[in-house]
Structure formats: C-alpha cells, structure tokens
Amino acid sequence: MISKKRLIVGEFFLTVTLMWCSVVSGADSTVPSVWNVAPMRDGAYREAFEGSTHTWATLVGYNAVTDVFPAMDGAGLPLRSNLWFDANSKVLQLDTDGGVVTNTLAYSGDASVMFSEKPVFLDLRIKFDAMSDAVGGGLTDNVKLALHLDADCKLVALHGGGATTNSTPIDTNKWHQLTVKLDNGKCDVLLNDQSIFSNLDLKDNGSSNTLSSVNFYGTGFVDELYVSHGDPAYAITGPTQAIPDLPVVGDNPPTDEQQTLINVWLQGKSGVSSLSMTQDQLSHAYLLNEIQVVEGTATAVGFDFGIKEFDLLSPTKLQVKVYLEMDNSVPKNGAINGRIKLHGKTNYTDLEWVAIEGAVTPSPADFATGYATFDFTIPENTYKFFKPMIVP
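Worth saying up front: this structure is predicted, and the values here are computed from it rather than measured. (Residues numbered from 1 in each chain as written. Predicted model: local features only at pLDDT ≥ 70, side-chain atom pairs only at ≥ 80, totals over all residues. Heavy atoms only, no water.)

## Here's the deal with the overall build of the chain
Across its full length, the chain holds three helices and 27 strands. Across the 392 residues of the chain, 46% fall into the buried class. By sequence separation, contacts in the chain at least 24 residues apart represent 72% of the contacts at least 6 residues apart. Here the chain displays about 18,500 Å² of accessible surface, and carbon together with sulfur accounts for 49% of that area. (Helix = DSSP H or I, 4+ residues; strand = E, 2+ residues; numbered from the N terminus. Buried < 20%, exposed > 50% of the residue type's maximum accessible area, 1.4 Å probe, protein only. Contact = heavy atoms within 4.5 Å. Areas by Shrake-Rupley, 256 points an atom, 1.4 Å probe, with all protein chains shown as cover.)

## Details of the pairing of strand β10 (residues 162-169)
Pairing of strand β9 (residues 154-159) with β10, which is carried by five bridges, proceeds in the antiparallel orientation. What sits directly across from Leu158, in β10, is Ala163. Hairpin connection between β9 and β10: a loop of two residues separates the two successive antiparallel strands. (Pairing = 2+ DSSP bridges.)

## Observations regarding the sheet that holds strand β16 (residues 274-275)
Spatial ordering of the open sheet is given by β16-β18-β17, a layout of three strands whose pairing is mixed. The open sheet has two edge strands, β16 and β17 (292-294), and neither has a second partner. Pairing of β17 with strand β18 (residues 297-299), which is carried by three bridges, proceeds in the antiparallel orientation. Bridging from a neighbouring strand, Gln292 pairs with Thr299 of β18.

## Things to note about the environment of Leu92
Topologically, Leu92 is positioned in strand β5 (residues 91-106). Each C-alpha atom of the pair Leu92 and Phe221 lies 5.7 Å from the other, and the pair is 129 residues apart in sequence. Those residues in contact with Leu92 that lie beyond four places of it in its chain are Phe49, Thr53, Trp56, Ala57, Asn63, Ala64, Val65, Gly220, Phe221 and Val222.

## What to know about the pattern of salt bridges
Per the counting criterion, the structure on display carries seven salt bridges. The salt bridge partner of Glu224 is Arg125, with a shortest N-O separation of 3.7 Å. Placement of Glu224 in strand β15 (residues 213-228) and of Arg125 in strand β7 (residues 120-127) is noted, with a sequence separation of 99 residues between them. Overall, Arg125 belongs to the buried group, its relative accessible area being 12%. A salt bridge links Lys186 to Asp201, with the shortest nitrogen-to-oxygen separation between them at 2.5 Å. Linking Lys186 in strand β12 (residues 186-191) with Asp201 in strand β13 (residues 194-201), this pair joins segments that are 15 residues apart in sequence. A residue is classified by how much of its surface remains accessible, and Lys186, at 30% relative accessible area, is partly exposed. By relative accessible area, Asp201 is classed as partly exposed at 36%. Salt bridges sharing common partners tie together Arg80, Asp123 and Asp193. (Salt bridge = Lys/Arg side-chain N within 4 Å of Asp/Glu carboxyl O.)

## Quick look at the confidence of the model for the chain
Of all residues in the chain, 89% attain a pLDDT of 70 or more, and the chain-wide mean is 85. Note on residues 17-24: pLDDT is under 50 here. Beyond four places in sequence and across chains, it has 33 contacts. (pLDDT = per-residue confidence, 0-100.)

## What to know about the packing of helix α2 (residues 256-267) against helix α3 (residues 279-288)
The description of two helices packed together rests on the angle between their axes and the distance between the axes. Running from amino to carboxyl end, α2 crosses α3 at an angle of 70 degrees, the nearest separation of the two axes being 10 Å. For the element pair α2 / α3, the angle class is roughly perpendicular. Note that α2 runs across α3; the crossing there is left-handed. Of the residues in α3, those in contact with Gln259, Leu261, Ile262 and Trp265 of α2 are Gln279, Leu282, Ser283, Ala285 and Tyr286. Among the residues forming the contact of α2 with α3, the class breakdown is six nonpolar, three polar and no charged. (Axes fitted to C-alpha atoms, helices over the stretch in contact; angles between N-to-C directions. Parallel < 35°, antiparallel > 145°, perpendicular 65-115°, else oblique. Left-handed = near helix turned anticlockwise from the far one by under 90°. Nonpolar A, V, L, I, M, F, W, Y, C, P; charged D, E, K, R; others polar.)

## Notes on α3
Burial analysis of α3 places eight of its ten residues in the buried class, which makes it a mostly covered element. Within the sequence span of α3, burial applies to Gln279, Asp280, Leu282, Ser283, Ala285, Tyr286, Leu287 and Leu288. In this structure, the buried side of α3 is in contact with α2, β16, β19 (303-314), β20 (317-326) and β27 (385-391). Where α3 ends, the next residue or the one after it, Asn289, has phi of about 60 degrees, a positive value.

## Thoughts on the packing of aromatic side chains
The full count for this structure, using the stated rule, is nine aromatic pairs. Measuring from centroid to centroid gives 6.3 Å for Phe49 and Trp56, while their planes differ by 65 degrees, and the two rings are edge-to-face. Each member of the pair Phe49 and Trp56 is classed as buried. One aromatic cluster in this structure is built from Phe49, Trp56 and Phe216. (Phe/Tyr/Trp six-rings, centres within 6.5 Å; stacked < 30°, edge-to-face > 60°.)

## Examining unusual backbone geometry
At Asn199, a residue that is not glycine, the phi angle is positive and equals roughly 60 degrees. Within the secondary structure, Asn199 is located in strand β13. A positive phi angle, near 55 degrees, is found at Asn381, a position not held by glycine. By the element assignment, Asn381 lies in the loop between β26 (371-377) and β27. Residue classification places Asn381 among the exposed residues on the basis of a relative accessible area of 77%.

## Concerning the pairing of strand β23 (residues 339-345)
A large share of β23 lies buried, amounting to six of its seven residues. One ladder, built from seven bridges, connects β23 with β27; its direction is antiparallel. Within β27, the residue paired with Gly344 across the bridge is Phe386. Relative to strand β24 (residues 354-360), β23 runs antiparallel, the two sharing three bridges. If you follow Gly344 over to β24, its bridge partner there is Val354.

Dropping the structure here:
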C-alpha cells in the first residue's frame, strides 16, 4: 500500500527493544511474572485492540484501532490451544508517519521484565507491508532485535550478529502469526509456528536479558499482541477456571510446563476446593492419576510400586512386569499420567541408581488389575540390578 500521509512506500518495522534504562517508570503495559495460573489467560499481557486506541499508540503518527480491515479469517494461522483471545473484529492500523511507536513493558510495580532464567515470548498477528528502503540510523541504535520485510518481501532480522534475511518471501496479502522467543541473550523467530531464525544473538544494548518495550515503525496492521513467560503455542490447554491455592514448592519443584499439566488435571477433579499436601505429594498424585477428596479437601494417596518379575529376552532386551497398588492394596486400574523409566546398578552396593538411556515407555503407562508389562532396550553386559521409576 502507499501511504497518503507521506512519500514512503508502505513500511512495517517491528523492534523488540531495550531502551533507556532497565526499569520503566509507569510502563504502558504490565506483563505477568507468572504464567501457569488459572484462568490461564491471566498469565499473559494481552491486547486485542478492541477498545479505543491506547495512549501509547497515539503519541506518534496516525495509528488507530479500526475495523476497516477485518481481523483474521483464520486461514493459514496456527490455532492457539489456550484460546488467549476471544473473537474480535478490530485491529490496530499503523501509520507512524516516520516516527516510532513505543509500548513500554514491565512487571507489576515497574520491575523489569527479565528473560535470564526463563524465556519471554512476544506473539502477535500481523499483516506486513514491505519496506522500500534499508533500515538504519537511530531506528536500530538502541534495540535488542529488529524485524522487518525488505523490498523483496523477505523477513529480515537485525541482531547482535548483524542482519539475517529469510530466503522465502512472505505474502503481504495475508495475516501471519509472528512469535519471538527471548531466552538468556538469544532469540528465536517463528512465523505461523514455523522456525524462521533460531539462536540469534541479541544486540548488546542496555541491561542484558531485559525487555522494556515493543516498538513499531511504518505502516501495516497488528492484532492480538501477547507477552508472557508462557509459550503461546503451548500444546496443552491450560486451566480456564479457578484452581485451589497450590502448596508451597517442595524439594523437587515441577517445571512451569509440568505444573500446568498438574493444574489442568487438578481442575478436572470434581469437588476439590482445597489441598492438604506438599507440592511433591501433588506432583506424585498427578503422576499416579489418583487423589483422595474428603469434604472438598484433596490429600495424597499412598502407593506401592515395583517389579513383579522380569525376563532377559536377549542381551539387550529386558521384559519387565511392574505392579502398582494404591492405599489398602487396591490394584491400579487404568492409565496413569506418568511413564515408566528403568534405572540400573552394576553392583548392588553402588550408591546411585543410574537412569538407563532410552529405557522409558513412550507414553503414559496403563495398568490392568495392578499390572503392566513393558519391553526395555538396555546396554549389553552393563547392569545386573534394575529398578523402575514413574517419571513425567
């Protein structure tokens, strides 16, 4: 498109920036510091551009929320399993008139958004315009990463190692899902959930591993802007209703992804209004797919698990029959949420059980009247003693 407000062929330039200082006073938008919460959508900063144009978008140029260009028809766009956004009809139409539109970001209380320990994901739906001229000068001096389409409609990333251009042109007549993952000095860029650039070095500007703003330059359309520590394409639907307050983290805390799986499972258990267990007990209950609920309070269920018998089918193939009993010697019937991983020792007096590489069931184990049988591949003439464990 050609802008009627200036003499530059329609442009769109997105920068993931770190500007000025590590703490943004009175940031435009608040990014949650925790993402695996219920309802799941509370774990992300989400902007659907359905209301009036935000102040940060009106400070430069002629940007406006509009319905003159329909949002998304869904064609070619990946489905977000957590349904971060409701159906909407408006988008942000950008025309920055040669300036840069800045949406500053911070945690609650203006603490810096950090990605040194866990990644931060920036996700949005975008209809690009190609750039007529190369980008440079003040537009990229203070940024960690900049993305734009060149005159050939190819995506260009300006990063710590220079400029990288994707070989495949992008259809500017279609909407695309653009995802940027920032992780401890590196970044990945995906388009429609397909990797475009990976393991790029971020430019060394300002405080390291800090995201303070997302900037836009030029013309184009954007919608459904999302910033979170949670992957927007996470494959397991997160909790949508309230869940009981989780116990304090134990000695073996689950990862964010594992905790989300636990939360989804817990939400599906009827009658649970409170928990009386440690985090480790809750994790074990999830793996066993068993929980005891008395008057709304969920408690852990005891279990007994081990090898019933095994048979060395070949020097590298071990068939193991395992048993699983719940409280009061009740045999487990049905699938658990965990897999069975085989561990071994060379000598019985060895202090540690060693996880045998590759000796794990490919999917959650399924028990019938307390028993399940699996074949494991083991290294030849290495282990003499074996122990199964239930793992995520």
